Structures are given as C-alpha cells and as structure tokens.
2 protein chains.
Amino acid sequence: MGDKKTLGILGGMGPMATVQFYRNVVAHTLAARDSDHINTIITSRADIPDRTDFILGKSGDSPLPKMTADAKMLADAGADVIAIPCNTARYFQPELEACVRVPVLDIVRETANHVMQRGFSRAAILGTEGTIKIGAYRRVLDSLGVFCVEPDADTQSLVTSVIYDYVKAGLAGGEAIFEEIARRMFDRGCDCLILGCTELPLVSTADSRIVDSLEVLAYRSIVMCGGTPTGFDKEFLSAYEK
Amino acid sequence: MGDKKTLGILGGMGPMATVQFYRNVVAHTLAARDSDHINTIITSRADIPDRTDFILGKSGDSPLPKMTADAKMLADAGADVIAIPCNTARYFQPELEACVRVPVLDIVRETANHVMQRGFSRAAILGTEGTIKIGAYRRVLDSLGVFCVEPDADTQSLVTSVIYDYVKAGLAGGEAIFEEIARRMFDRGCDCLILGCTELPLVSTADSRIVDSLEVLAYRSIVMCGGTPTGFDKEFLSAYEK
C-alpha cells in the first residue's frame, strides 16, 4: 500500500466518458477488497466550455481556465498523477502540465505509443473535428513511424454526429453509424482504428483492431498509481511486454 | 444554469458502488449537451477502513477521520450538497453533518421516506451486518409507520457473502444468490425489498417492489442540484408526486 499513488481524474468532458473511464479504472484493478483499489479524486465540471468549439473558433470561450483550476484543485487535494479522459483537451496539454507539479498523463502519446508497440502500421484516427484539426494524433503517430489515416469530410460528419447527436445527447442508435464508419476506415486499408474520442467507446464494438484511448489511459493510470491491472486482453497487454 | 449546485460525492465505499452511483446521476440527468449535467466532485478513497468491521467491533480502525477529511475537502472544493453512496457509513451521519456547513443527504432517511410514500407497509431490508446492527432502517421505517423485516441469520450470511465475496471481490455469480435472498424475503410477506447496501444493485434484478437506495440517492441528488431527472420509472416517481 505504501507505494500507491492517488489518481486525479480531470473529467466532465463529457460526464458519461468520465463515468466510463472511472469504471474502467475500478473494473481493471485487481481487488479482493475495497482497499486494493486506487485512491481516486474526480472533478466532473459540466460547464467546462466545449473544447472543439473553441479550437475551431466557433466560440471565444476557452475551456482552459476551468481546466487549470480543476487540475490545481486535484493536486491540492492530494492527486499524485492526473488523467484527463478527453482527447480534444489534449490541445491544452502543455498548459495543464505547467500548472501543476504532478505528472499529467498524455492520452494521445500513450495511445499512439500503444498502437506502435502493437505493431500496427496504418492507423485510422476517429475523433472530434477539434482533435482532427489540431493533428495531435497525426504528428505523434508520424514521429513513431505509424501512418495516420484521417476520415474524409463525409465520414468525419458521421463521427461528429455519433459524438454530439448520440452519445452526448443520450440518444440510442449510434452503434449502427459507428459500424459504418469503422467499415469505411478498414476499407481504406487501415489495420487499426483508434477511438480518439472518449465518447466513442460507448458505441464501439469489440474488435482486436480497435484501440480505445480510454482503455489505454485506464491501464496507464492503474500502473502509474501502483494498482495491479486485470482483465485486459492478450492483444492489449502485448503492447507492454517488450 | 444559475440555480445549479455542485454535487460532492463522498465515495470509495466501495469503489464500484461509487461508479454505479455516479453513472446513475449522469444517466438520469436530462441533458442534450455536457453543460446540462451537474457539476460533480468525487472522492473515492479506497483505504477508508471497513465500516462494518468497525461497527461490529472487529476492528478499532475508525473510518470517520478519513470520511470527515473527504467531506471537508469536497466542501472546500465547492460542493454545495454531499451525497454518500454507502448505507453503512450512515452510522456516522451526525458527525459528517457536523463537520461541514453544506447539507449531507441522508441515504437511509431518503430511502425510507421513498418506501413510505410509495405506500409499502412491510419492507425487507438487505444490507451489511453493520447496517442491520445499527438498526438505522428499522428505526426510521418504524417512525414512518412501515414495518421493517430483517433477514434471519442464515439469510444474512448470504447477503454478506454477496456483498463481500462477490461484488467487492469482483466475482461473477452473485445474481443467483440474490434471487434466493429476494425469494425468501418475499415469502415472509414483504411487499417491498430495500437494497440498503450500495453493492446490491450490481447483482439485483428489475422488480417494481425492489427499492434501490442508490437510485433514490441519485434522484434526490439531481433534484437538489437543480438538474432535471429523467429515465426513472412511473412507480419510482410516484413517491414524489404527493
């Protein structure tokens, strides 16, 4: 227990993705009793301005002030490591790392590294328009020697719709649209599909070629905090065996 | 938005019950976008000493100091209302209410009141040995004119096993034992079964006679914080129509 660290989750982007991430962390920590789990502190401030609207210039309302306030609050409350279950928020990674003394896990770098270690060579990236526009996955994957395929405009509009019209709005039926998106990307020769938005796992299907950024972040959070990961499949774990 | 309050969740008892409660709050808040949700701050300190062990005298390690520290942290971080998804922790309700200036929802009183308003007259209470021993449900139900039926020793040992050996230990198969417990309590003439432990909803079946303390707490949390509740069934909502 002495080596255990407290996990701070800077959430709310969106709230259901935070629920899903927190569930991932708890369900994937080997525990015979409550005390085997990781101490966790979570902020889920629903009124953080939309990241994509700001990045695309649709809104001048920056989410950064509330995010840095939450990061500081988490660190002050005892978080030793901060995880942010939102890929679009990664745009603010430098400012978030600078505002606290504790490490802030980089969801994009962790996921791209996972994809590279698994031996994938041509990865499709699905995310919000904000995530695609900032090109974070493309740049990091490029630097690791993995070719990155972004959706065409029509497919991106389907991804945006699944995220905003279905998951965030609590509407059922996003699964069928997700399947169509996945089919299109695999048809373009991709050997891997990155769920680069934390809302997408809520409509995704099980497929060993699909890499969920939320699951990667959960694995890394558990390991960094001294918990024992459990329940990850063999393909997933192969990324960490080298 | 101006009337919205921030919900503080004092969790970790156990961690999966906290996940489930947080999921309840998010899923049951009417939201077309992230910002329709309630601002939430959660502590899930896995190393809070076991409540039942302390109440039964099996351990001298009181959970109270860590719980009051978490309650104060939540209030300091901006929580306007505190909810504690753990029925056994209700033993410390007076001390928890006294340590912060913000309201601390009383899971036992809220659930008992719900049962009374639904018109039930003979309610079975399922919970940890700690919850049964402190008699919180029995006393509050009595005061509301609802007869309270506690499990016999053999049935209580099944309830304890489901909570500790299955849910908290992450073992599958607790559902069948729960069904046997429910059958026995309904056979004793109960018209209502209270899930008075936040681990039990994870193995429970859908039945309009089953009242889940976690769902009642979620409903009350959403309403107290100015969110719009959604997705509760008609029987559940009838408790709040009078």
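So, here is what we can say about the structure in this document. Worth saying up front: this structure is predicted, and the values here are computed from it rather than measured. (Residues numbered from 1 in each chain as written. Chains lettered and ligands numbered in written order. Predicted model: local features only at pLDDT ≥ 70, side-chain atom pairs only at ≥ 80, totals over all residues. Heavy atoms only, no water.)

**Looking at the pattern of salt bridges**
Going by this rule: Each salt bridge in this description consists of a side-chain nitrogen of Lys or Arg and a carboxyl oxygen of Asp or Glu lying within 4 Å of one another. Put simply, DSSP H or I for four residues or longer makes a helix, DSSP E for two residues or longer makes a strand, and each gets a number counted from the N terminus. Only protein chains enter the accessibility calculation, which uses a 1.4 Å probe; a residue is then buried when its area is under 20% of its type maximum, exposed when over 50%, and partly exposed in between.
Evaluated as defined, the whole model comprises 24 salt bridges over all chains. A salt bridge links B:Arg45 to B:Asp70; the shortest N-O distance between them is 2.9 Å. Here the residue B:Arg45 occupies a position in the loop between β2 (40-44) and α2 (51-55), and B:Asp70 occupies one in helix α3 (residues 64-76), the gap between them amounting to 25 residues. Of the residues examined, B:Arg45 reaches a relative accessible area of 23% and is grouped as partly exposed. Judged by its relative accessible area of 4%, B:Asp70 falls in the buried class. Note that B:Lys66 is salt-bridged to B:Asp47, the shortest N-O span being 3.6 Å. One end of the pair, B:Lys66, is in helix α3; the other, B:Asp47, is in the loop between β2 and α2, and 19 residues separate them in sequence. With a relative accessible area of 22%, B:Asp47 lands in the partly exposed category. Salt bridges sharing common partners tie together A:Asp154, A:Glu180, A:Arg183, A:Arg184 and A:Asp187.

**Here's the deal with the nonpolar core**
The condition that has to hold: Only buried residues count toward a nonpolar core, which is a set of Ala, Val, Leu, Ile, Met, Phe, Trp, Tyr and Cys residues joined through side-chain atoms within 4.5 Å. Whether two residues touch is decided by their heavy atoms; if any such pair falls within 4.5 Å, the residues are in contact.
Membership of the largest hydrophobic core comes to 82 residues, with the highest contact counts inside it found for A:Val115, A:Leu141, B:Val115 and B:Leu141. For A:Leu141, the residues in contact, after removing those within four places along its chain, are A:Ala112, A:Val115, A:Ala123, A:Val146, A:Cys148 and A:Ile194.

**Quick notes on the side chain of A:Thr43**
Relative to the elements of secondary structure, A:Thr43 occurs in strand β2 (residues 40-44). Under the relative-accessibility criterion, A:Thr43 is labelled buried at 2%. Beyond its immediate chain neighbours, meaning those up to four positions away, A:Thr43 contacts A:Ile9, A:Leu10, A:Gly11, A:Gly12, A:Asp70, A:Met73, A:Leu74, B:Thr40 and B:Ile41.

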